[in-house]
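# Descriptive analysis of the structure
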Amino acid sequence: MFHSKKGKSHILALTMGALMLAAPMTGMARADETPRYVFLFIGDGMSYPQFQAASDYLGAVRDGRGTDDKILDGNEYLSFMKFPVAGSAVTYDSTSFCPDSASTATSISTGHKTYSGVINMDEGLTRKYESIAEKLHRQKGWKVGIITSVNLNHATPAAFYAHQPSRNNYYEIGEEMLNSGFEYFAGGALLKPAGPDGDRASIYDLAPGRGYRIIRTQADAEKVSAADGKVILVDEHLADSDAMAYENDRDGDNWALADYVRKGIEVLDNDRGFFMMVEGGKIDWACHANDAGSTIHDTLALADAVDVAIEFASKHPDETLILVTGDHETGGLTIGFAGTDYDTYMANLANQKISYARYDSDYVAGYRKNNTSFDDVLKDVEKLFGLKAEGDKEDTLVLTDWEMKKLRAAYDKTMSGAKVSGQEEYLLYGTYEPLSVTITHLLNNKSGINFASYAHTGLPVAVFASGAGQEKFEGFYDNTAIYAKMADLLGVK
Ligand SMILES: [Zn+2]
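Residues numbered from 1 in each chain as written. Predicted model: local features only at pLDDT ≥ 70, side-chain atom pairs only at ≥ 80, totals over all residues. Heavy atoms only, no water.

## Observations concerning the coordination of the zinc ion
Basically, it comes down to this: The rule for donors is simple: an N, O or S atom within 2.8 Å of the metal counts, and for Na, K and Ca the reach is 3.2 Å. Water is not among the atoms, so a site may look short of donors. Between 85 and 135 degrees for all angles marks four donors as tetrahedral; over 155 degrees for opposite donors together with 65 to 115 for all other angles marks four donors as square planar and six as octahedral; every other arrangement is irregular. Only DSSP runs of H or I covering at least 4 residues are called helices, and only runs of E covering at least 2 are called strands; the numbering of each starts at the N terminus. Burial classes follow relative accessibility: with a 1.4 Å probe on protein chains only, a residue under 20% of its type's maximum area counts as buried, one over 50% as exposed, and anything between as partly exposed.
Listed as protein donors to the zinc ion are D284 (OD), D284 (OD), H288 (NE2) and H456 (NE2); their distances from the metal cover 2.1 to 2.4 Å. Metal-centred angles of 56 to 152° between the four donor atoms at the zinc ion mark the site as irregular. All donors to the zinc ion come from one chain, and their sequence spacing reads D-x3-H-x167-H. Placement of both D284 and H288 in helix α10 (residues 282–288) is noted, with a separation of four residues, approximately one turn of the helix. Here D284 matches H288 in class, with each residue buried.

## Side note on the state of the cysteines
What counts, and what does not: Put simply, a disulfide is two cysteine sulfurs that come within 2.5 Å.
Considering all chains together, one arrives at zero disulfides under this definition. The thiol of C287 is unpaired, and the distance to the nearest cysteine sulfur, on C98, comes to 14 Å. The class for C287 is buried, based on a relative accessible area of 0%.

## So, the nonpolar core
Definition in use: Side-chain atoms within 4.5 Å link the members of a nonpolar core, which is a set of buried Ala, Val, Leu, Ile, Met, Phe, Trp, Tyr and Cys residues. Segmentation into domains, and thus their bounds, comes from an automatic or database assignment. By the convention used here, residues are in contact when the closest approach between their heavy atoms is within 4.5 Å.
F39, F41, F80, L233, V261, I322 and Y359 are the most contacted members of the largest nonpolar core, which totals 81 residues. No other element matches the 12 residues that helix α11 (residues 292–315) contributes to this core. When residues of this core are sorted by domain, at least three fall in each of domain 1 (5–333 + 455–490) and domain 2 (352–450). Among residues more than four places away in sequence, those in contact with V261 are F39, F41, I147, M276, V278, A305 and V308.

## Quick notes on the side chain of D380
To be explicit about the condition: Pairs of N or O atoms are called polar contacts if they sit within 3.5 Å, as long as, within protein, a hydrogen donor faces a hydrogen acceptor (for residues adjacent in sequence, only side-chain-to-side-chain pairs).
Counting through the fold element by element, D380 comes out in helix α13 (residues 374–385). Residue D380 is classed as buried on the basis of its relative accessible area of 15%. For D380, the side chain forms a polar contact with the side chain of Y367, separated by 2.6 Å. Setting aside its immediate chain neighbours within four residues, D380 contacts Y363, Y367 and F385.

## Considerations on the pairing of strand β3 (residues 143–151)
Residues in a regular strand point their side chains to alternate faces of the sheet. For the record, the criterion: For two strands to pair, DSSP has to find at least two bridges joining them.
With eight of nine residues buried, β3 is to be regarded as a mostly interior element. Pairing of β3 with strand β7 (residues 274–280) involves six bridges; the strand directions are parallel. Bridging from a neighbouring strand, I147 pairs with V278 of β7. Here five bridges tie β3 to strand β4 (residues 184–188), and the two strands are oriented parallel to one another. When the bridges of β4 are listed, G145 appears paired with Y184.

## Some points on the domain arrangement of the protein
The test is simple: When a carboxyl oxygen of Asp or Glu lies within 4 Å of a side-chain nitrogen of Lys or Arg, that pair is called a salt bridge.
Taken as a whole, the protein is organised into domain 1 (5–333 + 455–490) and domain 2 (352–450). Here the C-alpha centre of domain 2 lies 32 Å away from the C-alpha centre of domain 1. In this complex, domain 1 contributes 15 residues to the contact, which on the side of domain 2 involves 17 residues. Connecting domain 1 to domain 2 are zero salt bridges.

Okay, structure coming up:
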C-alpha cells in the first residue's frame, strides 16, 4: 500500500518511537528536575490540522483502504502525539492574529511579542532580545545546535541567534550566525551569502576565520565528530530556494532531517548540557502552496527527527526534555471538504509521487518549452498524482466534468505564461503555477481535505512535552510563555 520505501520507514520509526516512549518516558520526571539536554522541535506552519492529517493519512494507508472505502478504522499516532503532556499556545503577534515566523519564533525564543518580520527586536526596532539559546550558551556553557530543513538564515533558525529589524537581512543574519559561537548548524544553504547584490565577502568564506568548518557533502558530514569543533553542515542535495528537498522528493539515500539530528547529538553531547532547535520548515512551504501530500510527508519527517531525540532520551531519562510545537498554522488546512461532506479518502494522497515544487521544475517548465498537449499532461497527472481523466465513476480519483474544466483552464493559464491577476485568479491559484496548484487542490479535495488560505492563519499550536520538567507545559497559554517556562525550568535570566 505504501508508495515508497520512505513511507515504510516512517511506520517503523513511529513504532520504535512509541515503544521507547512507553517505557522510560512516561511519568519518569518530577517537576523539580532540571534537564541538561533540551530538544525544541518547531514544525513551521504546524498546528493541529497538520499533524492530525499526517496521523489520519498513516492510518488510512496502514489499513489498506482503497478509494471506494468510506470508513477508516483509525489513525496512526505520531510518537510526539503520545507525549505525556500536551499544551496549547496562542500565536498572534504585534501585527496580526495571523502572525509570521519571525515574530512567533521571537516569542518562543525570547518571550516577547513583536511585529511580523522582526527577529528578536522590540516594536521600536531599537532593543535587542537575547534568545534562550544564547542565554544557555553564555550563562550555562551549554553547547547549541540549530537545524532546519530550509535555509540556515531563514526566520525561524535566525530567531535563536540573530537580532534584526527585518527577516530579509539575510547577510546580517549570516554574520550573526558566525558570531553566535554555537557549535552545530545543519540544514539548507544560506540565502544571499554574499549580500543582496552579491558583492560582499561570502559568509562561507568568512566562516573559517570565525572558527567554523563548512561541510558541503554527505560523505564529509558522515565523518564529522565532536572533535571537529564548530561546524556548519549544508545539505548536499539542495532543492527549491536552496532548502533541503521536500520529503516527498527525497532520494532514500540522502540525509533526512532525522540524520542531521543524529549527527547533532554526536557533535553536541557533553556533560554540561546542550540545547538543540530543529525546524521542519517545509511543512509551512507546502501549506502555502496548498500541497497537502508534501505537508504530510514533511510532518512525518519531523516526527522521524523527534524519534531520534526520543531514542537519546531513553538513555538519559532523568535529564532530557523534548518539546514539539509549531510557530503558527499555515494554509487553513482542514480535514473535511464540502465536496465530500463527511467522507474522507486520505489514502488517495499516497498517489502523489512528487511535490508541487518538483513538478514545477521538472515538468511544467518543459511543457511550456515543448508546447505539450493537454492530453500528454493528463498522462503525467495520472502517473504523478493519481488523478484520472476517465474511468469508473465510483473511483474517487476520476475527475468529474467540472474538475476537468478547472484543470483545463489552469493548463491554459500556465501554458500562456501570463501573470496571475485579479481576485478570481488569486483565489484559484495564489502566487503559484496555475496548473500545479490546481492539481494539488483537486487531489486534496478528492482526499476529503481542503485549504482556506495561501498564508498563515490564527489557529493555536500544540506544545507537546516529554521528560524532565514536562509538567510545566500543561495548559493553554500564550506563545511567549513557552520561553518563560523554558527559562524558569533551566534557570537562566
Ligand atoms: Zn510561512
